[in-house]
Amino acid sequence: MLTRPFAEYHLSLLTLGTVQLGLPYGIANTTGQPSYETARDIIACAVEGGVNVLDTAVAYGESEKVVGRAIAELGIADRVVVVSKVAAMGEFSSARAVDEFLEEQVTGMLSRLRLEYLPICMFHLEDNACHLDALAKFRERGLVRHIGVSMMTPDKTAEVIAGGKTEAMQIQTSVLDQRYIRRGLIKTAGEKGIAMFIRSVYLQGLIPMPEADILPELADVIPVRRRLEALGKEAGITLTELALRFVMGLDGVTSVLTGVETLEQMRENIALANRG
């Protein structure tokens, strides 16, 4: 699988998102949360297929525990780069309170993941980016290698990029959501050496799901999907392949995050990613 350089790592162009391994997730999820054995097999399949980035978070139910157990049982700690995100932070009365919260978060993450250090640690909310200096203290202590933020809006993303304190970002971008592309934010971040992880490439499964299964409140997407399907047909590819490879081809993208519930989905994503 193709890789992209980031700091001391070469990250696979495909990242395995593991929220589905910790709780039932996604509007197209028909199988629910997989068993631990299935989750372990999915992770093993991903790594054997060349995927070396696993994305998780404190907020993803049992995901960190599942990932940590699987990494230990499969003996792949030296073959994967784990990205995890601290829980949402509210208001704090002092800098000391922030430090204490992050201490509990980071040590808990390392315990659940069974790691000595976390390769990439992010804030889960963009509004928490104001605490990047506090998170950087754990980098200085060797408990975290790189710090970042999971973003939700282009304006805040531009602000955080300009601040120069983040090393990694996660944003939502897809063939149906091109706000960050139009602002040039992915390319700009890439030029600054920031690792850009792209999520929601399938919009929780909305892009590849059968048209008949689309909920009435999401029906506005149907004519747009039909136009995209026609474009894919002209190129000889499916809508799913178009969606994934479109995002993978963007300048500045480090890795594209996809979540799965089954081994079949994992194998399909690897096959699509290997087409470049």
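Predicted model, so just to flag it, every value in this text is computed and none were measured. (Residues numbered from 1 in each chain as written. Predicted model: local features only at pLDDT ≥ 70, side-chain atom pairs only at ≥ 80, totals over all residues. Heavy atoms only, no water.)

Undergrad: I'd like a description of the nonpolar core, backed by residues and values.
TA: L16, I43, L102, L118 and M266 are the most contacted members of the largest nonpolar core, which has 75 residues in total. Once residues within four sequence positions are removed from consideration, M266 is found in contact with L14, L16, I42, C45, A46, V51 and V260. (Core = buried A, V, L, I, M, F, W, Y, C linked by side-chain atoms within 4.5 Å. Buried < 20%, exposed > 50% of the residue type's maximum accessible area, 1.4 Å probe, protein only. Contact = heavy atoms within 4.5 Å.)

Undergrad: Could you give an account of helix α5 (residues 154-163), with specific residues and numbers?
TA: Burial in α5 covers these residues: P154, T157, V160 and I161. Considered in projection along α5, the buried side chains sweep an arc of 120° and stay on one side of the axis. Turned more than 90 degrees away from the buried face of α5 sit D155 and A162, all of them exposed. Positive backbone phi, approximately 75°, marks G164, located one or two places after α5. (Helix = DSSP H or I, 4+ residues; strand = E, 2+ residues; numbered from the N terminus. Arc of directions from axis to C-beta.)

Undergrad: Residue-level account of the pattern of salt bridges, with values.
TA: Evaluated as defined, the whole model comprises 18 salt bridges. We note a salt bridge from R141 to E103, for which the minimum N-O separation is 2.7 Å. One end of the pair, R141, is in the loop between α4 (132-140) and β7 (144-150); the other, E103, is in helix α3 (residues 95-113), with 38 residues separating them in the sequence. Residues participating in the shared-partner salt-bridge network are R40, R69 and E73. (Salt bridge = Lys/Arg side-chain N within 4 Å of Asp/Glu carboxyl O.)

Undergrad: Could you give an account of the sheet that holds strand β9 (residues 195-199), with specific residues and numbers?
TA: An order of β3-β4-β5-β6-β7-β8-β9-β10 is seen for the 8 strands of this closed barrel, with the pairing classed as parallel. Taken over all neighbouring pairs, the strand axes of this sheet differ in orientation by 30° on average, direction set aside. With 3 bridges connecting them, strand β3 (residues 14-17) and strand β4 (residues 53-55) associate as parallel partners. Within β4, the residue paired with T15 across the bridge is V53. Packed onto the sheet, α3 meets β5 (81-86), β6 (118-123) and β7 and runs at close to 145° relative to β5. (Pairing = 2+ DSSP bridges. Axes fitted to C-alpha atoms, helices over the stretch in contact; angles between N-to-C directions.)

Undergrad: Could you give an account of the packing of helix α2 (residues 63-74) against α3, with specific residues and numbers?
TA: Direction vectors running N to C along α2 and α3 enclose 45°, while the axes themselves pass 7 Å from each other. With respect to each other, α2 and α3 are oriented oblique. Here E64, K65, V67 and G68 of α2 come into contact with α3, specifically with M109, R112 and L113. Looking at the contact of α2 with α3 residue by residue, the class counts come to 3 nonpolar, 1 polar and 3 charged. (Parallel < 35°, antiparallel > 145°, perpendicular 65-115°, else oblique. Nonpolar A, V, L, I, M, F, W, Y, C, P; charged D, E, K, R; others polar.)

Undergrad: Would you mind going over the packing of helix α1 (residues 36-48) against α2 in detail, with residue names and values included?
TA: Interaxial distance between α1 and α2 falls to 10 Å at its minimum, and their mutual angle equals 65°. Like other packed secondary-structure pairs, α1 and α2 cross with a definite hand, here right-handed. Residues Y36, A39, R40, I43 and A44 of α1 lie in contact with α2, whose contacting residues are V66, V67, R69, A70, E73 and L74. Its residues assigned to classes, the contact of α1 with α2 comprises 8 nonpolar, no polar and 3 charged. (Left-handed = near helix turned anticlockwise from the far one by under 90°.)

Undergrad: So what's going on with the side chain of E261? Residues and values would help.
TA: Assignment of secondary structure puts E261 in the loop between β10 (255-259) and α10 (263-273). R267 provides the closest opposite charge to the buried, salt-bridge-free E261, at an N-O distance of 14 Å. A distance of 3.5 Å separates the side chain of E261 from the side chain of Q20, its partner in a polar contact. (Lys, Arg positive; Asp, Glu negative; His and termini not counted. Polar contact = N/O pair within 3.5 Å; in protein donor to acceptor, adjacent residues only side chain to side chain.)

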